[in-house]
Structures are given as C-alpha cells and as structure tokens.
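# Summary of the model geometry
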Amino acid sequence: SAIAAVIGFALALVPDPLPLLQSRQIQGAEVHPKPFSGKALDLLLAQKQQVYQSLTLSQIAKPTPLQAQAFDAALHLLQQDGLSAAQLDAVARLLYSANYELHQNGAQLLLLERAPQRFWGSYLINTAAKRHLLIEVPLPVDEAGTLEAAAMLFEQTSARVLAVAGAARHASRDGSADVLTFPNT
C-alpha cells in the first residue's frame, strides 16, 4: 500500500525516466507486457483475495528508493498517448524493477505485483479513455463493497485509472499500510 496513492503525487513530480531506463539495474531485464484475455476488472477483483492475506502480517515491506523511482518513471511514461511497443517494453522493465508486471489486453493495461507479494496495490489503466479520471480504492478490505463499486464506476465513467490499495489499513504496525494517513503515500 505504500505505493497505492503515489500515482496521484508522482505524476507531477517525476523527472524524465530516460536516465533511469539506462541504469544497469533496469537495462538488463528482458521484460515485455504480458497478454491477458477476458475482462481486466475481473482480474483486478480476483486480486482482492490477496489483499485479505495482508491481514495476517504484522509489517508490509516498503519500496526501496530504486523501486519507488522506477514505479514513478513508469507512470510518467504511461501518461503519454499512443505508446509504441518499444515504449511499453520500457514501462514493463521499469515496473519489473519495482516488483510489478505489466499485463496488456488492447488498450487496457493491468499493473499487478509479482512474487513475492508486497501488498503495494494494483492498477488498471485504460489508455483509450477520453477522460483523465482516476478512481482510487484506499481501503478495499476495510470498507466492504468499495472495490466492486469502484469497478462499476470505472466502466461506466470511462475512467483512465483505477488504483486499488494492496493491504488492509492496519496491516503494518507503523501505519505505513494506511494510504489515507501515512505521509509517504
């Protein structure tokens, strides 16, 4: 959940991602978007089961500075319209270094954590959306039905992004899983 709300703040603050893409930590990864079939919202709703696992933890791992920077840079690239295959590959590499996988089905992009699960959140991006509307679900476990309601709103409003926190509010003793109150989210 430490990354769950970074999308809102990072978009205005992220510098050019090119230097990060050229770094040794990211350049070596041969990663491409993974195709998926079916409805992205169904896959995202299935992720809710994993969020419940965070209830059994006493601490959620926080992203390293490189992971946070790579995630921010990926978001920066995703702001562009009409991304080429090479640009999507660059986004996939950045996300991979931030412990995420990029899944693609046409204009829909799904950002899901890869193993090991760190409960940082999931994101659905509709690159064909005409509206730049962001829908956030900060407490998918703590507030019953909010993820399902947000999924309906995402479809009905043709929103661009659906961001879902990855952990229960009190999953970390230090409060870092609570995206509503922790200052770094």
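What counts, and at which threshold
Residues numbered from 1 in each chain as written. Predicted model: local features only at pLDDT ≥ 70, side-chain atom pairs only at ≥ 80, totals over all residues. Heavy atoms only, no water. Helix = DSSP H or I, 4+ residues; strand = E, 2+ residues; numbered from the N terminus. Buried < 20%, exposed > 50% of the residue type's maximum accessible area, 1.4 Å probe, protein only. Contact = heavy atoms within 4.5 Å. pLDDT = per-residue confidence, 0-100. Salt bridge = Lys/Arg side-chain N within 4 Å of Asp/Glu carboxyl O. Phe/Tyr/Trp six-rings, centres within 6.5 Å; stacked < 30°, edge-to-face > 60°. Axes fitted to C-alpha atoms, helices over the stretch in contact; angles between N-to-C directions. Parallel < 35°, antiparallel > 145°, perpendicular 65-115°, else oblique. Left-handed = near helix turned anticlockwise from the far one by under 90°. Nonpolar A, V, L, I, M, F, W, Y, C, P; charged D, E, K, R; others polar.

Per the secondary structure count, the chain includes 8 helices and 6 strands. Its helices and strands in sequence order give the chain the pattern α-α-α-β-α-α-α-α-β-β-β-β-α-β, from N to C terminus. Counting all 185 residues of the chain, 50% fall into the buried class. Sequence-distant contacts in the chain: of pairs separated by 6 or more residues, those separated by 24 or more amount to 70%.

On average, residues of the chain score 80 in pLDDT, and 82% of them reach the 70 mark or higher. Below pLDDT 50 for its whole length, residues 1–14 participates in 41 contacts with residues either more than four positions away or in separate chains.

Turning next to the pattern of salt bridges. Counted under the stated rule, the structure contains 3 salt bridges. With its nearest N and O atoms 2.8 Å apart, the salt bridge here joins Lys 34 to Glu 101. Taken together, the positions of Lys 34 in strand 1 (residues 34–35) and Glu 101 in strand 2 (residues 100–105) put the pair 67 residues apart, joining distant regions of the chain. Judged by relative accessible area, Lys 34 falls into the partly exposed class, the value being 37%. Between Glu 155 and Lys 39 there is a salt bridge whose closest N-O contact spans 2.9 Å. Of this pair, Glu 155 sits in helix 8 (residues 146–157) while Lys 39 is found in the loop between strand 1 and helix 4 (40–46), placing the two residues 116 residues apart along the sequence. The exposure class of Glu 155 is partly exposed, given its relative accessible area of 44%. A residue is classified by how much of its surface remains accessible, and Lys 39, at 45% relative accessible area, is partly exposed.

On inspection of all chains with the given rule, the structure shows 3 aromatic pairs. Aromatic side chains Phe 71 and Tyr 123 sit 5.4 Å apart centroid to centroid with 50° between the ring planes, which places their arrangement in the tilted category. Of this pair, Phe 71 sits in helix 6 (residues 65–78) while Tyr 123 is found in strand 4 (residues 122–126), placing the two residues 52 residues apart along the sequence. Comparing Phe 71 with Tyr 123 shows no difference in burial state: the two are buried.

Once that is clear, we can look at the packing of helix 6 against helix 7 (residues 85–97). Here helix 6 crosses helix 7 at 155°, and the two axes come no closer than 7 Å. Comparing their axes, helix 7 and helix 6 come out roughly antiparallel. Here helix 6 runs over helix 7; the crossing is left-handed. The residues of helix 7 that touch helix 6, namely those facing Gln 67, Ala 70, Phe 71, Ala 73, Ala 74, Leu 77 and Leu 78, are Ala 90, Val 91, Leu 94, Leu 95 and Ser 97. Looking at the contact of helix 6 with helix 7 residue by residue, the classes come out as 10 nonpolar, 2 polar and no charged.

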